[in-house]
Amino acid sequence: MTSVRRTFDSVLAILLIIVIIISGVGVYYSSAIMGKLDEVSTNQANLSEAIISINTTQATSTSLLEALLEAISGLNVSMPLVVIGSATPTSGVAPLTVSLKAVPIGGTPSYTFEWNFGDGMPTSSERTPTHNYTSAGTYTATITITDSVGASASDTVTIKATAAAPVTLTVFSLWGGSEEKNFLQCLGNFTELTGIPVTHYHYTTEDLLIGVPMQLRAGSSIADVIIAPWPAWILELAPYLISVNDLIDSAKYPVNTINAVKDANDVIWAAPFKLSGKPGFWYKKSFFAANGLTVPTNYTEFKTLLATIQGISSIEQAVASGDTVGWPLSDTTEAFIMGLGGYQLQEELITGPSVRNWTDPEVKAAFANLTELLTAGYFSTPADWTDQITKFWNEKYGIYFMGSWMTTMSQIGDVNDLDFFGFPDTDGVGGSVDYVIAPKYAPHPDEANQLLQYLAGPDAQTIMVGLGGFFGTHDDVPETAYTPLDKKVLDFISQSTIHIVSDLDDAIGGKFQTTFWDQLKLLWVDPSKLDDVLNTLQAAALAQQT
Amino acid sequence: MKVDFSSFAKTLRTRKLTIVVHAIAWGIAFIWIIPFLGVFMSSIRPYEEVQFGWWNFQSFHLTLESFSDVWVGKTSSFPLNSAMMSSLIVTIPSTFIPIGVAALAAYSFARFSFRTKDMLFLIIFLLQAIPQQMVIIPVYTLMNNLSLLNTYMGLILLHTAFGLPWQILFLRNFFSTLPVEVEEAARVDGASYFKIFYKIVLPMSLPALASIVALQFVWVWNDFFFALTMIQTPSMRLATQIIPANVGRLEKNWSLLSAASIIVTIVPVAIYAALQRYYVRGITAGAVKG
Amino acid sequence: MKGRTITPILFLIPAFFLLMLFVFYPIVDTIYISFLKKGTGDFIGLQNYRHVLFGAVYPLVNTRNIVLGEFPMGSLIHNILWIAIHLPLTMFFGLLLAVLLRDVKGGAILKSIIFLGMVTPLVVGGVLLRFMLDVDAGVANVVLRDIGLGSFVRDWRAFPDTALISVILGSVWIWTGFCMIVYSAGLQGIPVELYEAAKIDGASRWKTFWRITVPMLKSTTLVVVTMTVLWELKVFDMVFVATQGGPGGASRVLAYDMWLEGFYTPYNFGTAAAMAVFLTILTFGFAAYMVSRMSKS
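Criteria and thresholds
- Residues numbered from 1 in each chain as written.
- Chains lettered and ligands numbered in written order.
- Predicted model: local features only at pLDDT ≥ 70, side-chain atom pairs only at ≥ 80, totals over all residues.
- Heavy atoms only, no water.
- Helix = DSSP H or I, 4+ residues; strand = E, 2+ residues; numbered from the N terminus.
- Buried < 20%, exposed > 50% of the residue type's maximum accessible area, 1.4 Å probe, protein only.
- Contact = heavy atoms within 4.5 Å.
- Areas by Shrake-Rupley, 256 points an atom, 1.4 Å probe, with all protein chains shown as cover.
- Lys, Arg positive; Asp, Glu negative; His and termini not counted.
- Charge placed at Lys NZ, Arg CZ, Asp CG, Glu CD.
- Expected span 1.5 Å × (residues − 1).
- Core = buried A, V, L, I, M, F, W, Y, C linked by side-chain atoms within 4.5 Å.
- Phe/Tyr/Trp six-rings, centres within 6.5 Å; stacked < 30°, edge-to-face > 60°.
- Pairing = 2+ DSSP bridges.
- Axes fitted to C-alpha atoms, helices over the stretch in contact; angles between N-to-C directions.
- Buried area = accessible area lost by both parts, 1.4 Å probe.
- Salt bridge = Lys/Arg side-chain N within 4 Å of Asp/Glu carboxyl O.
- Polar contact = N/O pair within 3.5 Å; in protein donor to acceptor, adjacent residues only side chain to side chain.
- pLDDT = per-residue confidence, 0-100.

Participant: How should I be thinking about the overall build of chain B in this particular structure?
Facilitator: Looking only at helices and strands, chain B has 14 helices and zero strands in total. Sequence-ordered secondary structure for chain B, helices as α and strands as β, is α-α-α-α-α-α-α-α-α-α-α-α-α-α. A principal-axis box enclosing the C-alpha atoms of chain B has dimensions of 75 × 70 × 30 Å. Counting every position in chain B, which comprises 290 residues, the buried fraction comes to 57%. The long-range share in chain B, meaning contacts at least 24 apart out of those at least 6 apart in sequence, stands at 73%. Element-wise, carbon and sulfur atoms account for 68% of the exposed surface of chain B, whose accessible area totals about 12,100 Å². Between the averaged position of the 20 positive side-chain charges in chain B and that of its 12 negative side-chain charges there is a distance of 9 Å.

Right, dumping it as structure tokens:
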């Protein structure tokens, strides 16, 4: 290579390196600038909107022709009477507000005007009236003028009001299978009432938990309305949500359900929809009768019951343990925490290490009872929770701790043979509330609010109650709407001696929740690890607060 | 180039050894195939029959219900049909776009010499070892700023960029095995570099390109992590995202899961079957040369 | 071929543009983020690393449990265990199958079928694993019952001692095809003359294997080891589907931890980035080391 070429090479090589560095830097800044640009363009849009609105309030002529015509009309030239009608705008989405103008020419002033708007509404005698076309259609507005000597002239303007683009609402929830079917019926009723169709998407816990915040933090939302049972998560997303203080009557709901989604400034960020409770241990009446078993009235009787059931030959284990990601185990654990430690213990654990540590003796004592039973082998190995219902119904297990939705599960052969008893002597019941939230970035915020109000109201909830496995949160839902077993659960939960406490892991949420589930899975198969588990939970609770 | 065991000694002992060898080979292979067998079995039988073991043959009913259920998303409301389409939408461009880009770069490395060549090549070589997790956080923010988050285009670009290092390497190695004379002759005739590349080199490189197509297609189709972080709307999800969604779901059903697994896996298997020679060549290209 | 150097630059620009944007810049940015404190963005040096390695709820290295020999031992240790178990097993079975299936009738078909594991999406691999280990519907437990070890029947994924091993064995099933194919190619590269010379010298099959085959496969083995270890360090999909890192974190791995850290509340990109950097140091360092060894041999 000649020296000239060599220099050329070097120069180009350096250029290449510079290009690379610049594109690297450029990328970095452009990504920062992009964020700023959005701000700027929003400001610009606001500015131009302001300017436009100023312009339209002026009544002066907007075109040269009209100015000319107005000038001419001022002259008293003897011309035949003519009127020119115009309208602004001549098309748009209904309801459409149109400004009409009549320019008379010739004839002998003064003139009288009559506008017929062509939609059956009363006529106007103004020269430049404003008219609102409420429904879609093509209208012919006619202006007729009469001058002082009785001559008349008329003109027409065609105005087209188009139907608004159809709005369809999008709803996300965790409900699939039969729960979803019921919910769709309720949504169908909303569509009948308002004419707004609703599409429902069913999400997994993980997807809703993570996917929605991702979208909202990115400044967009696909859903108009989201139904989620996690108050802590909702409060974290408050900056991206519409507050509901003006949309619902908060006095009509159980106080705890409202307080859970209320922030320090008393702003409520979600409307309560569905109440689920975990009443206790479910059993088959016929199974109990056939084996001479009775419902325990205290904890000692409970332990005896377990031992008795365990002794029955066809039984694998006394208590079924359900699992998917872990929540059936956490529900059972919380029953022990509240049943043996009191409902306040759970509430304190929810508040966090500032008031209650997982390693405190009270907590350990409650857990110790659980591990005693686990070690005795009364609990089955965790398996898919719906499979466990089948096995429970086939009398492989004696009792199964599950939520109020148990009555709707297809694996239950005969609901009339099903019954439950609460954790003996408990003063707290785990409950969760499914809340309705509307993101700020909802595609159709107004309609979203409509749907939110509907779902939070007694009509929607009464429908859902009628379909089974649903407790409404609104006071005005009639008690007679419930099925007998559901009524029994509702009565149990509503007792004055029972406090409804939020589901612990839902309330804390985030990484703690996954850790909690994970640790319980460990505890179930190896109860001797109790101290490790409590230490890990304590560390996780501390980490969650940062 | 087989080593014929039986030519070592023609004794009965050797014959027995051959039988033993066959037995071991087929035995191990059979063990490897059992999972596929199990999945296939449970996908064509109703769940009640396989709930306690697909090897039970007391009642045997053939049904394609699981497949249609999963395809349409009847019980699961996570339909596979749209997910498969989404996967195709992402995978096909992610396979063909990088080829052009990588081939250009690889040709440059193979044929030209310039000052910074070695340094740049080293960078490309090292980029191969980067795990997906290393880039995802800034990429997530970047995609968001470019409004490419939750779009197929964003995912395609990401896969393209990520596939470039190994493809450039692979093609560069291949190009250097091509005879230079043909290209130099064309150069003498006055052809531009780009024309030479496009009209001469690329057609000669079809086997290598086939390898890249095979490998990249399977890689992108099977990818989960990038899809998981980039695509959030359920209706836009790729096929690999549907599987975990169904596993963690409320109601578990092995027949459905098996059917879903088979459907999702059929596509890369088909590509592999069609391009098997090139796929294997692609994998072993680095190996034999060392 | 030498030419004006504008052309090579032009040829390189599209590739470098994409690489710069989506690979190089993110790498640098991730490293930068790993030094920042969550929320404030202050520079806090190696604090994130220290926290992630030892101080987190699920530290990467759980020294106490390592000493006790109990799971979870920390994601880093889990990955190392993964390598320690997965690598020898896949190499062994890969080589064995490569050798055996050379001469067996139908060997090519069997090889193809075994290799299918490589083409299967790893999320499906996770499903297959869960399916096989299921208490009622799983093959593994049926076999145990049939051979009289019924007392051992359990859901292997659900127990801390065996969760990690289960997933590792599942990944062995998937990856063995790769080793097999690469070794097959390597075996084909050994010249026949060497074998014939050995036969003339009257060497036994065993000796032939160890004196000729193995040494000639050295460079192939280097490649197999490199690719396998890199893959073992990066596992994510299977763990995600099969165990979600459980129970009690007994089967967590680096990649899974990183994802959890950055995408679950309370989101902490700093520590997640630290994990990513850590993971990359391992993969990078190992790759660099292996490459230097390969270029020496």
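Participant: Quick question: what am I supposed to make of the overall build of chain C here?
Facilitator: Along its length, chain C carries 14 helices and zero strands. Its helices and strands taken in sequence order, chain C reads α-α-α-α-α-α-α-α-α-α-α-α-α-α from the N to the C terminus. When the backbone C-alpha atoms are referred to their principal axes, chain C occupies close to 75 × 75 × 35 Å. By the burial criterion, 64% of the 297 residues in chain C qualify as buried. Contacts in chain C between residues at least 24 apart in sequence constitute 64% of all its contacts with a sequence separation of at least 6. With the model as given, the accessible surface of chain C reaches about 11,300 Å², and the carbon-plus-sulfur share is 68%. Mean positive and mean negative side-chain charge positions of chain C (22 and 16 charges, respectively) differ by 8 Å.

Participant: Please explain the environment of A:F113 as it appears in this structure.
Facilitator: Mapping A:F113 onto the fold places it in strand β4 (residues 112–116). As for A:F113 and A:Q495, which are separated by 382 residues in sequence, their C-alpha atoms are 73 Å apart.

Participant: What am I meant to see in helix α5 (residues 107–119) of chain C here?
Facilitator: Turn by turn, an α-helix covers 3.6 residues, leaving residues three or four places apart pointing in a common direction. Residues and elements named next belong to chain C. For α5, with 13 residues, the first-to-last C-alpha span of 19 Å sits near the 18 Å given by 1.5 Å per residue. The element α5 is largely enclosed, with a buried count of ten among its 13 residues. Among the residues making up α5, those that are buried are G107, L110, K111, S112, I114, F115, L116, G117, M118 and V119.

Participant: Hey, could you run me through helix α4 (residues 205–217) of chain A in this one?
Facilitator: All names here are of chain A. Over its 13 residues, α4 extends 19 Å from the first C-alpha to the last, a length consistent with the 18 Å expected when each residue adds 1.5 Å. Taking burial as the measure, the 13 residues of α4 include ten buried ones, the bulk of the element. Those residues of α4 not exposed but buried are D207, L208, L209, I210, G211, V212, P213, M214, Q215 and L216.

Participant: Got a minute to help me understand the side chain of B:S211 in this structure?
Facilitator: Residues and elements named next belong to chain B. Position of S211 relative to the elements: it lies in helix α10 (residues 206–222). Judged by its relative accessible area of 3%, S211 falls in the buried class. Not counting residues up to four positions away in its chain, the partners in contact with S211 are F170, Y278, R281 and G282.

Participant: Is there a simple way to explain the nonpolar core in this structure?
Facilitator: Nonpolar side chains in soluble globular proteins generally cluster together in the buried interior. A:W358, A:I399, A:L451, A:L455, B:F175 and C:W259 are the most contacted members of the largest nonpolar core, which totals 338 residues. Excluding its chain neighbours within four sequence positions, the residues that come into contact with A:L455 are A:F183, A:C186, A:V225, A:I227, A:F273, A:V436, A:A460 and A:Q461. Of all hydrophobic cores here, the second largest spans 21 residues; its members include A:V83, A:V98, A:W115 and A:F117.

Participant: For this particular structure, what's the right way to read the environment of C:L101?
Facilitator: Tracing the sequence through the fold places C:L101 in helix α4 (residues 75–103). Since its relative accessible area comes to 2%, C:L101 is described here as buried. C-alpha of C:L101 to C-alpha of C:F152: the two residues are 51 residues apart in sequence and 34 Å apart in space. Among residues more than four places away in sequence, those in contact with C:L101 are B:A25, C:G107, C:L110, C:K111, C:I114 and C:M180.

Participant: What's the story with the packing of aromatic side chains in this structure? I'm lost.
Facilitator: In this description, an aromatic ring pair is defined by two values, namely the gap between the centres and the angle between the planes. Applying the stated criterion to the full structure yields 67 aromatic pairs over all chains. Consider the rings of B:Y107 and C:F11, whose centres lie 5.9 Å apart with planes at 35 degrees: the pair is tilted. Of this pair, B:Y107 sits in helix α4 (residues 80–111) while C:F11 is found in helix α1 (residues 6–33), placing the two residues in two different chains. By relative accessible area, which is 4% here, C:F11 ends up buried. Among the aromatic residues, those joined into a cluster by ring pairs are A:F281, A:Y283, A:F287, A:F288, A:Y299, A:F302, A:F336, A:F379, A:F401, A:F421, A:F423 and A:W524.

Participant: What's the story with the sheet that holds strand β2 (residues 91–93) of chain A in this structure? I'm lost.
Facilitator: In a beta sheet, neighbouring strands are held together by backbone hydrogen bonds and run either parallel or antiparallel to one another. Residue and element names in this part refer to chain A. Ordered by their spatial adjacency, four strands build an open sheet running β2-β7-β6-β4, and the pairing between neighbours is mixed. Bordering the open sheet on either side are β2 and β4, each of which pairs with just one other strand. On average, each strand axis in the sheet is inclined to that of its neighbour by 25 degrees, with strand direction left out of account. Where β2 and strand β7 (residues 152–162) come together, three bridges link them in parallel fashion. Each bridged residue has a counterpart across the sheet, and for V93 the counterpart in β7 is T162.

Participant: Honestly, the interface of chain C and chain B in this entry has me stumped. Any pointers?
Facilitator: Quite often, the size of an interface is put as the accessible area lost when its parts meet. Chain C puts 95 residues into the contact, and the matching count from chain B is 97 residues. Roughly 9,100 Å² of surface becomes buried between chain C and chain B when both sides are summed, with 81% attributable to carbon and sulfur atoms. Applying the counting rule to chain C against chain B returns zero salt bridges. For the interface between chain C and chain B, the tally reads five residue pairs in polar contact (both at pLDDT 80 or more). Considering every element that reaches the side of chain C that touches chain B, the biggest residue donor is α1(C), with 20 residues.

Participant: Got a minute to help me understand the sheet that holds strand β12 (residues 280–284) of chain A in this structure?
Facilitator: Residues and elements named next belong to chain A. Judged by pairing direction, the sheet is mixed, and its four strands sit side by side in the order β13-β16-β12-β17 without closing on themselves. The sheet is open, and its two edges are formed by β13 (317–320) and β17 (418–421), each paired on a single side. If you compare each strand with its neighbour and ignore which way they point, the axes differ by 30 degrees on average. Contacts between helix α15 (residues 484–494) and the sheet are confined to β12 and β17, with β17 contributing the most and set at about 5 degrees to the helix.

Participant: Looking at this structure, how should I read unusual backbone geometry?
Facilitator: All names here are of chain A. Looking along the chain, the bond that leaves T88 and enters P89 is cis, with omega of -10 degrees. Mapped onto the secondary structure, P89 falls in the loop between β1 (82–88) and β2. Phi at D266 is positive, roughly 65 degrees, even though this residue is not glycine. Mapped onto the fold, D266 is located in the loop between α6 (255–259) and β11 (271–278). Positive phi, normally seen in glycine, also occurs at D425, with a value near 65 degrees. Relative to the helices and strands, D425 is located in the loop between β17 and β18 (428–437).

Participant: Mind showing me how you'd approach the pattern of salt bridges here?
Facilitator: Proximity of charged atoms lets side chains of opposite charge pair with each other. Tallied over the entire structure, the rule returns 16 salt bridges over all chains. Where A:K274 meets A:E179, a salt bridge forms, and the shortest distance between an N and an O atom there is 3.8 Å. Note that A:K274 is positioned in strand β11 and A:E179 in helix α3 (residues 177–194), a separation of 95 residues in sequence. A:E179 sits in the partly exposed class, given a relative accessible area of 24%. A salt bridge links C:D257 to C:R252, with the shortest nitrogen-to-oxygen separation between them at 2.5 Å. In this structure, C:D257 and C:R252 share a single accessibility class: buried. What you see here is one network of salt bridges that share partners, running through A:E348, A:R356, A:D360 and A:E362.

Participant: Looking at this structure, I do not really get the environment of A:F516. What am I missing?
Facilitator: All names here are of chain A. By the element assignment, F516 lies in helix α17 (residues 510–525). Note on F516: relative accessible area 0%, which makes it buried. Sequence spacing of F516 and S330 is 186 residues, and the spatial spacing of their C-alpha atoms is 7.6 Å. Ignoring anything within four residues of it in the chain, the contact list for F516 reads S330, E334, W358, L504, D505 and L537.

Participant: Whenever I open this one, the confidence of the model for chain C confuses me. Can you help?
Facilitator: Low-confidence regions, as indicated by low pLDDT, have predicted coordinates that should not be scrutinised in detail. With 97% of its residues at a pLDDT of at least 70, chain C reaches an overall mean of 84. Under the prediction, the complex receives an ipTM of 0.86, its pTM being 0.72.

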